[in-house]
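Listed below are the residues making up each chain.
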Amino acid sequence: MPSFQSDDQRYAPTLPKRRQELLKWNGWGYKDSKFILNKDNHVELTGERYRLSGLTMPLLRDWMIQTLGVNLEHKSPAQPERTAADIPIPIKNEAFLLDLKKAGIPFSDDSQDRLFRAHGHTLHEIFILREGMFQRLPDLVAWPASHSDVVKVVALAAKHNVVIMPFGGGTSVSAALECPVTESRMILSLDTSQMNKILWIDEQNLTARIEAGVIGQDLERWLAEKGYCTGHEPDSIEFSSLGGWVATRASGMKKNIYGNIEDLLVHVQMVTPQGVVEKSCQVPRMSSGPDIHHFILGSEGTLGVITEVTLKIRPIPLCKKYGSIVFPDFESGVGCLREVARQRCAPASIRLMDNEQFQFGHALKPESSSYFSGIVDGIKKFYITKIKGFKPQELSVATLLFEGTNEEVAAQEKRVYEIAAKFGGLPGGEDNGQRGYMLTFVIAYLRDIGFDYHCVAESFETSVPWDRVLDLCRNVKDRLHRECKERGVQFPAFATCRVTQTYDVGACVYFYFAFNYRSMSNPVHVYEQIEACARDEILANGGSISHHHGVGKLRQRWLPRTVSEVGIGMMRAVKQYLDPQDIFANGNLIGPGQLESKL
Amino acid sequence: MSSSEEQSRNSWIIEDDPSKVSSKHKDGFEDILEERRRTSDLRFIFRSRDVPVYKYSHPRSAQQIKDDVLKSDRVKYAVEQVSESTGTSTKEVYEEVQAILDEMAHAYKLGAIRALAMVLTKTMKRLYRRLYVNEEGINKLRSTIKEYPVIILPSHRSYADFLLVSYLFYNYDLPLPVIAAAMDFMSMKFMGWLLRSAGAFYIRRTFSNDQLYWAVFTEYVQTQVCNGDAPVEFYVEGTRSRTAKTYVPKLGMLKASLEPYFKAHIPDLMVVPISISYDRTLEESLYAYELLGVPKPKESTSGLLKARSILSEDFGNVHMFVGEPISVRQFCDGKVDRIVHSTAPRYIASLTESEEALIQDFAYHVVLEQQKQMIISPFVLIATVLMQNRDGIPLRQLVKEVEWLKRQTANLGGYVDWPGSESAESVVQHQLQLHGNILTLTDEAFVELRQSKPPPNVSKEMQRDIVISTGALQIMTALYRNQLLYLFVRVAFIAVSVNSSLHDTLTLDELYQRYSFLEQLFQREFIFMPGHTRQDFDKSILHLTHGGGLMMDDNRVLIKRSTNKYSTFLSQMFEPFLLGYWVVCQYLLSLPGDIHGKPLPKTHKATSQDVQQLVVRLLQEGVVKHYEIQSLDILGNALLSLTSMGAITKDKRNGEVYLCPNQIVVSRISENLGRYIDLPSIPGSLLVPEVKQVAVPAKL
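Report on the accompanying structure. As the structure is a prediction and not an experimental result, all values here were calculated from the model. (Residues numbered from 1 in each chain as written. Chains lettered and ligands numbered in written order. Predicted model: local features only at pLDDT ≥ 70, side-chain atom pairs only at ≥ 80, totals over all residues. Heavy atoms only, no water.)

**Things to note about the interface of chain B and chain A**
Residue-level contacts link 22 residues of chain B with 17 residues of chain A. Across the interface of chain B and chain A, roughly 1,700 Å² is buried in total on both sides, 34% from carbon and sulfur atoms. When the buried surface of chain B facing chain A is broken down by residue, Arg329, Ile339 and Arg346 of chain B rank first, second and third, together holding 30% of it. Taken together, the links from chain B to chain A amount to seven salt bridges. The salt bridge involving Arg329 of chain B is made with Glu537 of chain A; its shortest N-O contact spans 2.8 Å. The interface formed by chain B and chain A contains 17 residue pairs in polar contact (both at pLDDT 80 or more). Considered class by class, the residues forming the side of chain B that touches chain A number eight nonpolar, six polar and eight charged. (Contact = heavy atoms within 4.5 Å. Buried area = accessible area lost by both parts, 1.4 Å probe. Salt bridge = Lys/Arg side-chain N within 4 Å of Asp/Glu carboxyl O. Polar contact = N/O pair within 3.5 Å; in protein donor to acceptor, adjacent residues only side chain to side chain. Nonpolar A, V, L, I, M, F, W, Y, C, P; charged D, E, K, R; others polar.)

Here it is in structure tokens:
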């Protein structure tokens, strides 16, 4: 059984303890990577980390001007980095601090450390970082190094009535990390980043025991060195943590092969104010009453701290291949995905972009790079638009990722392309597929350059039964456009969607939405109203409150309608038993108001 | 200096004599016939049409629509259910579906549409002087069609309605609507085919128990609503109004059309009410005799050809007002929870109770909008005055009264089509000419009701019967007076309550009680928004205290000081209805009882025929003077209303509905009603029908 040493230099984590040294304090990702308007007035991605890094995207500027009505002369720069003086003074619980010191747990009340952990990445939060300040921040950050450290911290917090907000990768998009403004107790941000080790790998059973603070890219890299992977690849894989995945019911793009987090999870340990909850065995399945894992999955930090997880692992596949299919329109694409799901022959990933997103992806094409060559270039473009009669303003593209042995991949490809052909789809080449996936990783960076030019942008997602996929996509986009118009947004909004996951009974749909807010006084408020309308529309269309982003505080108003009042009561009863003092008072899922009134 | 002044004037003004300016344009309206009179019809018919299309629509042929219905989940589900319950094979049931579809579906063809446009252009030019359309409404409609599926809901007072709407859409290069039509038209030889090809689809009148028909009908309507192939047009009143009053809305078709929004098939649905106002209604005399009990002639092409004689008559102008599109989403916002449809296939579950209630409100909202958009012809004012001066009136006095009434109408927000450049007398004279078939101006400048010619389906004996012919004349005049009632009904109910009060003062609460009794009683006769009684009452009180002479002191109405010309006029305007309903009560109270003292039940039809006979006897004896009370519409409405008030219970026997009056409730209502009017005394002998009756072949 291979083991990993905590001080083994080979397994040094990517991110430093003071993450703000490597990551942006007020935007997405690494400080070195940023979309800028270069000296030639073209959009360029700085740095060397990504395939697009150092390249210019000559079509993107015009896309921004034409699609969003951006005016390059009118910038909306962010405020300078916040200093200690700008940040509210922390509330101190001296007795707790003394005990924490005695216990030997490292902690900090440095203002930058606190600020970094005061937020996730919703539009609202980033806007506050760029233009204002949070009313309430964590008062202290602590870095337990192990499960037993966490047990100590939770016990001390309970003893001194201190609030704990677990913090993993900080990539939440549900306002889950925002501190409740009315909280008058000391708030401790429990940073799990120092619990990042793979404790063991069990090759007999193909499982690995992993500390919950590990971030996705480190986990996959370290497992790869042993020839394994978990196959769990959420779009935030570079920064999000294992504990966070469990706490939000995360989903990875390759779930068709590896499963979502709940399918990968074999065993989990959670420290609650009542003690540690875990199962006694790590078996494939058992009948033991309601599955306690399902109280932990999606608990969003309201019940305790997830410390250690046993996940399934798989040998790294021999063959990995991208692909794409061009469809005459979105409807035929959805038809194809539905058929693929019916035949249960989905490759590792299959996603379908609508026309707007296809065009957006096209605008991201970098200049003169041998690596990238678009499918709709030259002869192919001629073939698709002229011979096959596809309209550039209507066509839709599916991106594919195949994994397995060479033979398996070849067989999968054949079957998927055969189905596609029945829906009028033509193979569109590997590059196009790869670029489609790249879009997912750079989109968060793109939002920051949008901010610089009066554009607010956000993504949100849902899951929906097959029979309603098309209606939901159309109706939600229409609602977004209409709400923008009615709220006086001066420029046409950008609303696009893609089907990102297929299931037996339905699909996951992901929306991007952006608009130019020039000449509006309160863009974030307007944005939030519009997103709320979009969520209402989603629910009215038979969609869910969320497929994998979670509820947090952003979506809690729809939770009672989603799970019924009785369902809320069940959640409340569990919370009441595990955490009667409300130590884990981040206010997610069931709002503090709702909680108090019923407790 | 004077020359430069003249120059500047001339450069701006081409014609400053109002009598020389054509009336092609007026106050937001445009006459769309004028150009047709000046240019080639052929070029108009064969020009290319740049038609707006719903942005999410997939183009489909009429045949593809049928195929899609055949393949739909809803129809499949219904076929399986029917097959299971009847033991018929699904194949056979599908054949039945195909037959229903063939009977129902339109066969939209551009060629046929052009042919119809040709026929219509020629016909319209013959029948009408001008066809006015509010251009702004057309512009809004045009942009709406691109954004959302559209439902067209015209008012319905003539067969010409749907022809006019199609002509309008053709004229403005809008996609011709598909029209839900009654089966009667289908059997017409050439016309049935032509209308089908121009977008008419045929719906059976009753099919609520036929699961298969219901499924095919629902799917056929909804697939077209969802895909927005063409605007879907139907009449929310369900049938042609024979009285020119707005009928209480029917909900079946509306439910089927709105359901796709509740089930989130579509982002929104825009409903466009269109109000069509006629200076003179084509069917005026047919309606009058129908209301007296003469059955309407069957629709047939030969009948249509026989009716050609009307082509030589003058029917004045038509005004078409295309209303503001109503967003179903906005109307329903916050009132329904569409999530309830998330847990079952959308083709199985039906609408919820709250959605159905909302659709009823919506339907009332639409018909109230239609009323508001109506254009009131000056003749409507003339008819209203004449209905209160049924023995005639000197022209000078008529002009004075009409001008007075015009002001009252405008004060309530009514839009009178009054030419600003003409004297009141010439306006009235012109109208008397146009309606010369029912009105005459004698050499002594006296205006009286006088009928020139009854329709051909009326027998000689009937024409000679004075009660019938006077009835027809008055009902025909009432057809125009009726167009004003919607505007005055609320204030009139207050006026009636005040005028008939025996006290010196009346508290607002007492007045409200009296008002709401009338509203409840006349719920089938006039349109009241359900649940808005108090708002309507408050608004009307405000109107009357501000400009109607209603005197209040400390929240009490001062009866004597509040009785004036206006309130008297209003009372008289509605007197026939109050009296008619009272007579119905008297009839019900006179019914002989069985051994338990309960009256023997009768069918609705038999009951209204019997009441009509009673009215005839009362008229013959001069007990009542309002000949329009013979109208089966008034009598039928009264029965329906009494039923909903619990005064009549319905009993179903052998598939026929029998009415059983509850004497206690009837007498209470009758007593209450008697407080509002001067009651005639009915000799007991008249209540009991004699053996020898006046032959009125009443047929409903």
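**Section: the packing of helix 18 (residues 395-411) of chain B against helix 19 (residues 424-434) of chain B**
Residue and element names in this part refer to chain B. Packing of helix 18 against helix 19 leaves a shortest axis separation of 10 Å and a crossing angle of 105°. As the angle between them shows, helix 18 and helix 19 are arranged roughly perpendicular. Side by side, helix 18 and helix 19 meet where Leu395, Leu398, Val399, Val402 and Glu403 of the first sit next to Ala424, Glu425, Val428, Gln429 and Leu432 of the second. (Axes fitted to C-alpha atoms, helices over the stretch in contact; angles between N-to-C directions. Helix = DSSP H or I, 4+ residues; strand = E, 2+ residues; numbered from the N terminus. Parallel < 35°, antiparallel > 145°, perpendicular 65-115°, else oblique.)

**Examining the pairing of strand 20 (residues 648-653) of chain B**
All names here are of chain B. Examined bridge by bridge, strand 20 and strand 21 (residues 656-661) share six bridges and lie antiparallel to one another. Bridge pairing in strand 21 links Arg653 to Glu656. The hairpin formed by strand 20 and strand 21 contains two residues between the paired strands, and Asn654 there has a positive phi angle of roughly 45°. (Pairing = 2+ DSSP bridges.)

**What about the packing of aromatic side chains?**
One pass over the full model with this rule turns up 41 aromatic pairs over all chains. Measuring from centroid to centroid gives 5.6 Å for Tyr322 of chain A and Tyr437 of chain A, while their planes differ by 45°, and the two rings are tilted. Here Tyr437 of chain A lies in helix 15 (residues 430-452) and Tyr322 of chain A lies in strand 15 (residues 319-327), a separation of 115 residues in the sequence. Given the relative accessible area of 18%, Tyr322 of chain A is considered buried. Looking at Tyr437 of chain A, the relative accessible area reads 2%, which means it is buried. Ring geometry for Phe379 of chain B and Tyr480 of chain B: centres 5.0 Å apart, planes at 75°, overall edge-to-face. Of this pair, Phe379 of chain B sits in helix 17 (residues 378-387) while Tyr480 of chain B sits in helix 21 (residues 466-499), placing them 101 residues apart in sequence. By the burial criterion, Phe379 of chain B is buried, and Tyr480 of chain B matches it. (Phe/Tyr/Trp six-rings, centres within 6.5 Å; stacked < 30°, edge-to-face > 60°. Buried < 20%, exposed > 50% of the residue type's maximum accessible area, 1.4 Å probe, protein only.)

**So, the sheet that holds strand 7 (residues 187-191) of chain A**
If you trace the four strands from one edge of the open sheet to the other, you get 4-5-7-6 (chain A), paired in mixed fashion. The sheet terminates laterally at strand 4 (107-108) and strand 6 (163-167) of chain A, the two strands that pair on one side only.

These results come straight from atomic positions and should not be treated as a statement about function.
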